[in-house]
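Residues per chain are reported as follows:
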Amino acid sequence: MIYLSRFNFPDVEREYDFLLGIKRTCYDSFYPFQVLSRHGLRMIDFEPVTILYGGNGSGKTTALNVIAETLGVERDTLFNRTNFFGNYTDMCSFETEQPLPGNSRIITSDDVFDFMLNLRSLNDGISTKREDLFDEFLEMKYSKFQMKSMEDYDHLKKVVSARSKTQSKYVRANLMDNVREHSNGESAFLYFSEKIQENGLYLLDEPENSLSPEKQQELVRFIEDSARFFGCQFLIATHSPFLLAMRGAKIYDMDEEPVDVKRWTELANVREYYDFFKKHENEF
């Protein structure tokens, strides 16, 4: 599925005209101005899966944030939104083939890390919560409760629930699955699988972070299936060879000036991996 078909960034001349009109000179940075234009990125044409490839400082995350802000998609974590970000996005434009779905969102590494930290915090308090629920169960089960007003309704539901369940079932129904069973990689993958729903546009910023090679390949299969069978479109910023090898993905090489479309086997990062393993193939 293709929702977003094209995105246009301001060119060097348009950026220059804007910067000339700024009367205040106290700014150290005009970010995101002069980042993408420096690499000659003027336009992105999208496929069901489009990838922005490049090293640190290539501008792939900047492009992702600019597109997300211009489209107004949902996000969980704040980012470095400077004074000029709104001026820049006002100069951008885009074309769609279908209306953008309301569940579209950008997912960043910060989102995933925050999710994992939240799970870790739950781990620290989960035993205490379990004991609290045991006490609550016993109180509700054996209380002599009489409903006197509608304000007592929530309390009544707990009484009915406690009396109709065993102690262990009551605790499981009111306590999330034991998150101790999830490694960081499993927790990260869980975040993607929960946030990516059917029929949505998803912008993923380096989703390989916190994922093992095995989990990266599992994520690749999940993305491929979501794009092929469940009406999703993806724009991904990555330098993971596993994601770059995704079937049918259109790849923009942000390390090139100007930015160019390439096959994954032509990318410098992938060639480094190939040369390394080729050099050591006799050791396998």
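Residues numbered from 1 in each chain as written. Predicted model: local features only at pLDDT ≥ 70, side-chain atom pairs only at ≥ 80, totals over all residues. Heavy atoms only, no water.

With 35 residues, the main nonpolar core has Phe9, Leu36, Leu41, Ile44, Leu52, Ile67 and Leu203 as its most contacted residues. Taken together, the elements giving at least two residues each to this core come down to strand E1 (4–8), helix H2 (60–71), helix H3 (85–90), strand E6 (201–205) and strand E7 (233–238). Setting aside anything within four residues of it in sequence, one finds Leu203 in contact with Leu64, Ile67, Ala68, Arg105, Ile106, Ile107 and Leu235. (Core = buried A, V, L, I, M, F, W, Y, C linked by side-chain atoms within 4.5 Å. Buried < 20%, exposed > 50% of the residue type's maximum accessible area, 1.4 Å probe, protein only. Helix = DSSP H or I, 4+ residues; strand = E, 2+ residues; numbered from the N terminus. Contact = heavy atoms within 4.5 Å.)

Moving on: the packing of aromatic side chains. A complete count under the given rule lists 12 aromatic pairs for this structure. The interplanar angle of 85° and the centroid separation of 6.3 Å between the aromatic rings of Phe18 and Phe84 together place this pair among those described as edge-to-face. Taken as a pair, Phe18 in helix H1 (residues 12–20) and Phe84 in the loop between H2 and H3 lie far apart in primary sequence, 66 residues in all. Accessibility expressed as a relative area gives 6% for Phe84, which makes it buried. Ring centres of Phe189 and Phe222 lie 6.1 Å apart, and the angle between their planes is 65°; this geometry places the pair in the edge-to-face category. Of this pair, Phe189 sits in helix H7 (residues 184–195) while Phe222 sits in helix H8 (residues 213–229), placing them 33 residues apart in sequence. Accessibility expressed as a relative area gives 22% for Phe222, which makes it partly exposed. Through pairs of rings, three or more aromatic residues link up here, namely Phe18, Phe30, Phe33, Phe84 and Tyr88. (Phe/Tyr/Trp six-rings, centres within 6.5 Å; stacked < 30°, edge-to-face > 60°.)

Attention now moves to unusual backbone geometry. What is expected of a backbone is that most residues other than glycine have negative phi and most peptide bonds are trans. Note that the residue after Tyr31, namely Pro32, is joined by a cis bond; omega there is 10°. Its location among the elements puts Pro32 in the loop between H1 and strand E2 (43–45). For the bond from Glu257 to Pro258, the omega torsion is 5°, close enough to zero to count as cis. Looking at where Pro258 falls in the secondary structure, it is placed in the loop between strand E8 (250–253) and strand E9 (260–262). Backbone geometry places Glu206, a non-glycine residue, at a positive phi of 45°. Residue position: Glu206 is located in the loop between E6 and H8. According to the relative accessible area criterion, Glu206 is buried, its value standing at 15%.

Within E1, four of the five residues are buried, leaving the element largely enclosed by the surrounding structure. Sheet topology places E1 next to strand E4 (residues 93–96); four bridges connect them, and they run antiparallel. Counted as the bridge partner of Leu4 is Thr96 from E4. By the bridge criterion, three bridges tie E1 to E2 in an arrangement that is antiparallel. Bridge assignment links Arg6 to a residue of E2, and that residue is Asp45. (Pairing = 2+ DSSP bridges.)

This part is about the pattern of salt bridges. Considering all chains together, one arrives at 13 salt bridges under this definition. In this structure, the salt-bridge partner of Asp253 is Lys262, at a minimum N-O distance of 3.0 Å. Of the two residues, Asp253 and Lys262, both sit in the buried class. One network of salt bridges, with partners in common, ties together Glu74, Asp76, Arg105 and Lys195. (Salt bridge = Lys/Arg side-chain N within 4 Å of Asp/Glu carboxyl O.)

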